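# Fold and geometry: a report
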Amino acid sequence: MTKITGTDLADHLDALLEVDAFPPPESFAQAALWNDPAIYAEADADPEGWWDRHARALHWDEPWHTVLDWSDKPFAKWYLGGKINASYNCVDRHVEAGNGDRVAFYWRGEEGEERAITYAWLLEQVQRAANALTSLGVGPGDVVGIYLPMIPEVVVAMLACARIGAPHNVVFGGFAVEAVGERMAESEAKVLITVDGARRRGKTVPVKREIDHTLGTLPSMAHLLVVRHTGTECPMTAGRDVDWDQALAAADPLAPATPFDAEHPLFILYTSGSTAKPKGILHTTGGYLVGTAYTTKYLFDLHPETDVFWCSADVGWITGHSYIVYGPMLNGATSVMYEGAPDYPDRATWWSTVERYKVSIFYTAPTAIRACMSWGAEEPNKHDLSSLRLLGSVGEPINPKAWLWYHQIIGGGTCPVIDTWWQTETGQIMISPIPGITAAKPGCAMRALPGISAEVVDNAGNPIAEGQGLLVLRRPWPGMLRTLYKDPKRFVASYWSRFGPDTYVVGDAARLDADGDIWILGRTDDVINVAGHRLSTAEVESAIVSHPKVAEAAVVAKDDEITGQAIVAFVTPVEGTDTDAMDQEIRDHVAEHIGKLARPKRIIWTYDLPKTRSGKIMRRLLRDIAAGRELGDVTTLRDPAVTDRLRTLIADRRDSED
Ligand code: PRX
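Residue numbers restart at each chain and count upward from 1, following the sequence in its written direction. Local features in this predicted model are restricted to residues whose pLDDT is 70 or higher, and side-chain atom pairs enter the listing and the counts only when it is 80 or higher, whereas totals over whole chains, interfaces and linings include all residues. For side-chain calculations, the full set of non-hydrogen atoms in the structure is used, while hydrogens and water are omitted.

### Considerations on the packing of helix H14 (residues 366-375) against helix H16 (residues 400-410)
It is at 10 Å that the axes of H14 and H16 come closest, and there the two elements cross at 75 degrees. Regarding the angle of H14 to H16, the classification is roughly perpendicular. Contact with H14, carried on its side by Ile369, Arg370, Cys372 and Met373, involves Lys401, Ala402, Trp405 and Tyr406 of H16 and no other residues of that element. The convention used is that axes are lines fitted to C-alpha atoms, helices contributing only their stretch in contact, and that angles between N-to-C directions extend from 0 to 180 degrees. Secondary structure elements follow DSSP: runs of H or I no shorter than four residues count as helices, runs of E no shorter than two count as strands, and numbering proceeds from the N terminus. For this classification, under 35 degrees means roughly parallel, over 145 means roughly antiparallel, 65 to 115 means roughly perpendicular, and everything else is oblique. The contact criterion used throughout is that any non-hydrogen atoms of two residues lie within 4.5 Å.

### What to know about the domain arrangement of the protein chain
For an interface, size is often stated in terms of accessible area lost upon the parts coming together. By convention here, the domain bounds are inherited from an automatic or database domain assignment. On domain assignment, one finds that the protein chain holds domain 1 (6-82 + 280-522), domain 2 (118-258) and domain 3 (526-657). A separation of 29 Å is found between the C-alpha centroids of domain 1 and domain 2. Contact with domain 1, which involves 21 residues of that partner, is made by 23 residues of domain 2. Each of two parts loses accessible area, computed with a 1.4 Å probe, when they are put together; buried area is these two losses added. Summing both sides of the interface, domain 1 and domain 2 together bury roughly 2000 Å²; the carbon and sulfur share of this comes to 64%. When the buried surface of domain 1 facing domain 2 is broken down by residue, Met329, Met337 and Glu339 rank first, second and third, together holding 29% of it. Salt bridges are counted wherever a side-chain nitrogen of Lys or Arg sits within 4 Å of a carboxyl oxygen of Asp or Glu. Summed over the shared surface of domain 1 and domain 2, the result is three salt bridges. Glutamate 339 serves as the salt-bridge partner of arginine 199, at 2.8 Å between the closest nitrogen and oxygen. For the side of domain 1 that touches domain 2, the elements supplying multiple residues, two or more each, are helix H12 (318-330) and strand S17 (334-338). The dominant element in the side of domain 1 that touches domain 2, judged by the number of residues it contributes, is H12, at six residues.

### Some remarks on the pattern of salt bridges
Opposite charge on two side chains permits them to pair, given that their charged atoms come into close proximity. Overall, the coordinates contain 42 salt bridges when judged by the stated rule. The salt bridge partner of aspartate 92 is arginine 163, with a shortest N-O separation of 2.8 Å. You can see aspartate 92 sitting in helix H5 (residues 86-99) and its partner arginine 163 sitting in helix H7 (residues 152-163), a full 71 residues away along the chain. The pair formed by aspartate 92 and arginine 163 is uniform in burial state, with each residue classed as buried. Arginine 482 serves as the salt-bridge partner of glutamate 263, at 3.0 Å between the closest nitrogen and oxygen. Here arginine 482 lies in the loop between strand S22 (467-473) and strand S23 (483-484) and glutamate 263 lies in the loop between strand S13 (260-261) and strand S14 (265-271), a separation of 219 residues in the sequence. Residues participating in the shared-partner salt-bridge network are Lys208, Asp212, Arg240 and Asp241. Each residue gets one of three labels from its accessible area relative to the maximum for its type: buried under 20%, exposed over 50%, partly exposed in between, using a 1.4 Å probe on protein chains only.

### What about the sheet that holds S22?
Here the rule is simple: two strands pair whenever DSSP picks up at least two bridges between them. Strands sit in the order S21-S22-S24-S25 across an open sheet of four strands; the sheet is antiparallel. At either margin of the open sheet sits one strand with a lone partner, and together these are strand S21 (454-457) and strand S25 (518-523). Direction aside, neighbouring strands of the sheet carry axes that sit 45 degrees apart on average. Bridge count between S21 and S22: four bridges; the pairing is antiparallel. If you follow alanine 454 over to S22, its bridge partner there is leucine 473.

### Remarks on the packing of H5 against H12
Relative to each other, H5 and H12 sit at 55 degrees, their axes nearing to 9 Å. The angle between H5 and H12 falls in the class oblique. The hand of the H5/H12 crossing is left-handed. Contact residues: H5 offers Ala86, Asn89, Cys90, Val91, Arg93 and His94, while H12 offers Tyr326, Met329 and Leu330. For the contact of H5 with H12, the residue count by class is six nonpolar, two polar and one charged. Note on convention: near helix rotated counterclockwise from far helix by under a right angle means a left-handed crossing. Clockwise means right-handed. The nonpolar class holds Ala, Val, Leu, Ile, Met, Phe, Trp, Tyr, Cys and Pro. Asp, Glu, Lys and Arg form the charged class, and all remaining residues, Gly among them, are polar.

### Side note on the site of the ligand
Any residue with a non-hydrogen atom lying within 4 Å of a molecule or strand is treated as near it. Surrounding the ligand, one finds 17 residues, the nearest of these being Asp419, Thr420, Thr424, Arg523 and Arg534. In protein, a polar contact means a hydrogen-donor-capable atom and an acceptor-capable atom, both N or O and within 3.5 Å, with residues adjacent in sequence counting only if both atoms are side-chain atoms; elsewhere, any N or O pair within 3.5 Å suffices. Glutamate 396 is positioned such that a nitrogen or oxygen atom in its backbone is 3.3 Å from a nitrogen atom of the ligand. Residue arginine 534 places a side-chain N or O atom 2.7 Å away from an oxygen atom belonging to the ligand. Relative to its unbound accessible surface of 540 Å², the ligand loses 96% to contact with the protein. Secondary structure elements with two or more residues in the shell around the ligand: H12, strand S20 (417-420) and S25. Tallied by class, residues from the shell around the ligand come to six nonpolar, six polar and five charged. Using a 1.4 Å probe, the Shrake-Rupley method yields the accessible areas, and only the shown protein chains count as cover for residues.

### Some points on unusual backbone geometry
At the junction of lysine 73 and proline 74, the peptide bond is cis and its omega measures out at 10 degrees in the coordinates. Note that proline 74 resides in the loop between strand S1 (66-69) and strand S2 (77-80). With an omega of 0 degrees, the peptide bond between tyrosine 344 and proline 345 qualifies as cis. With respect to the element layout, proline 345 can be found in the loop between S17 and helix H13 (349-357).

### A closer look at the environment of threonine 292
Checked against the element boundaries, threonine 292 lands in helix H11 (residues 285-299). In this structure, the C-alpha to C-alpha distance between threonine 292 and glycine 427, residues 135 residues apart in sequence, is 7.4 Å. Leaving out residues up to four positions away in the same chain, threonine 292 has contacts with Ser322, Tyr323, Tyr326, Gly327, Leu330, Gly427 and Gln428.

### Notes on the packing of aromatic side chains
Aromatic rings from Phe, Tyr and Trp, with only the six-membered ring used for Trp, were paired whenever their centres fell within 6.5 Å, and each pair was classed as stacked if the ring planes differed by under 30 degrees, edge-to-face if by over 60, and tilted otherwise. As enumerated under the stated definition, the model contains 36 aromatic pairs in all. Ring centres of tyrosine 323 and tryptophan 422 lie 5.1 Å apart, and the angle between their planes is 90 degrees; this geometry places the pair in the edge-to-face category. Here tyrosine 323 is found in helix H12, whereas its partner tryptophan 422 is found in the loop between S20 and S21, with 99 residues between them in sequence. Accessibility assignment for this pair places tyrosine 323 and tryptophan 422 in one class, buried. Between tyrosine 495 and tyrosine 504 the ring centres are 5.2 Å apart and the planes differ by 10 degrees, which places this aromatic pair in the stacked class. Accessibility assignment for this pair places tyrosine 495 and tyrosine 504 in one class, buried. One aromatic cluster is present, built from ring pairs that chain together Trp70, Phe75, Trp477, Phe491, Tyr495, Trp496 and Tyr504. Two conditions define a charge sitting above a ring: the NZ of Lys or the CZ of Arg must be within 6 Å of the ring centre, and it must be within 35 degrees of the ring normal. Taking the ring centre of phenylalanine 175 as reference, the NZ or CZ of arginine 183 above it sits at 4.5 Å. Over the aromatic face of tyrosine 40 sits the side chain of arginine 447, whose NZ or CZ is 3.7 Å from the ring centroid.

### Quick notes on the environment of tryptophan 422
A residue is classified by how much of its surface remains accessible, and tryptophan 422, at 9% relative accessible area, is buried. Between the alpha carbons of tryptophan 422 and alanine 86 there is a distance of 22 Å; along the sequence they are 336 residues apart. Leaving out residues up to four positions away in the same chain, tryptophan 422 has contacts with Ile318, Thr319, Ser322, Tyr323, Tyr363, Val394, Gly427, Gln428, Ile429 and Met430. Polar side-chain contacts of tryptophan 422 include one of 3.1 Å to the side chain of tyrosine 363.

### A look at the nonpolar core
Put simply, a nonpolar core is a bunch of buried Ala, Val, Leu, Ile, Met, Phe, Trp, Tyr and Cys residues held in one set by side-chain atoms that sit within 4.5 Å of each other. Residues Tyr79, Leu133, Ile193, Tyr326, Met329, Leu471 and Ile544 are the most contacted members of the largest nonpolar core, which totals 168 residues. Looking at which element gives the most residues to this core, the answer is H7, with nine residues. Those residues in contact with tyrosine 79, other than ones at most four positions away along the chain, are Trp51, Ala55, Trp60, Trp64, Thr66, Val67, Ala262, Gly286, Gly287, Val290 and Pro478. Listed in part, the 33 residues of the second largest apolar core include Tyr357, Val359, Ile369 and Leu404.

Structure, rendered in structure tokens:
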């Protein structure tokens, strides 16, 4: 395709907006692992048979006798009787099959350094790390925290935990140490694997030094295992802190993989819910591995001998767990792992990486696509992206314009684009076009994958034939969360109570179109999705009100051209506070408590918040005010004059984000 830019490109994309759907190119469909729509009916006719068959792709030390036990719903058990080891399936199996020299990860650092990490190297490292953890007293069932940047050691750490049956609890490197401490305390982690320092756009963050302040107070935390990455000086507490390199060098290089029950916990991953307290999503071993191996292979049409896969997420999110680590490695894939941001050291870095490693499958978030779009087509056009054959999107709704730009500029108009919908809770992709089958509509997640049942229902839980409603999942699936860590009541209440224990309530609104295709509209709860990062309004509010000069705060989302949503905070200061120049103070305060990702884009200082007569903050009105929309019904307001005052305040405020 000729490379087009500027107004020609804008006209070209506008014209494509008229196109309803993009069928897969003939050549792609012919060679694809899945190209026969009959698979939907086949899976639907016998879902358990389907999941039985797909589980056989993995190595089981003992076979299961029951595919699914749903008798204690909503607490599902998959592959009962089966025994399996996750790290064996991700690493040993490929080495034993003679593929030890295959690159598992082409790692690229922020400064342009490169490492080619083979499966054989990983096998040795994982075994040594497993032994190092064992010698620190970690055993099956003990939680190990991981707070690492995007470096190969994060994969070693996760798989070493899996090898010895110690559930890992990875915290995204962008979260503040206070948030790490909270997640470690909640999960009673025994060991934390962390780093001397992390690189952020050319700067170094002294992670270990920062973490020391927080972890000193945690009674359960026996040891810190410290990876040396940046060479940043850090104090090591004798008897508690252990150097990763030294521990691995001293460890026995052999650690046989112990088979664990299919339902043995594999990991906990904290995510945001409607309250300020994050939810500890618990995934177990067998079903999660089946779900991620299955989707990685068939949905991404992965041919491990020839493809190079790149999921640009961070391992600290579920996307990284499922589609950087487990899914690709279970399939023996070669992936790219990139340490930095898409615009560091420059805006060409992603595209030079695609060109350099001949990436064939690329999976990223709409926010990143929109950011690239705003930087223009010049950079991608300068690079040879012809190795790409499939593109994926995840994490937030993708607007048709961004979809088309991705399809045309990055995919050269020839790569299918799959808009994949799923959640931390679902573990695996649930709704998506199938690249060799579906004529994808830009911006539409299309339909549930074979074996998965998704519906759009009305407020009473009845399926609707067409129109807007709530997205629900009707039957269990292998990668599903099993519970919330140490909080089964909240698990039932959050997901399975509204329409009974057969229906998983997702928390997203969706529209079913006349063809029966699903368009995801966004969250229906108090969860905000900023740049594909899931945050709870309550969590941000509680961080803001912990500032000594703040009396009250309410946080809402506002649409944002790049990040999808942005945070707007309405803040009431303590009486007598001079709020001039306090925006930055509040933003820094939030960054310190949660992380930079949670900083409000806009802060509106106000002495009143619109409340009902019973004192409840009317968020609906705040959302309207933040968006500059006409206000809905204000008759239930305690003091209707408040909204007018807020509206004038917002009019002359600019975004405070730098
Ligand atoms: O609102 C949906 C949105 O992200 C939420 C899940 O967030 P998280 O658990 O952090 O997982 C994100 C990565 C899987 C969903 O409830 N979401 C995810 N994928 C899409 C999406 N919204 C629209 N389209 C998607 N493809």
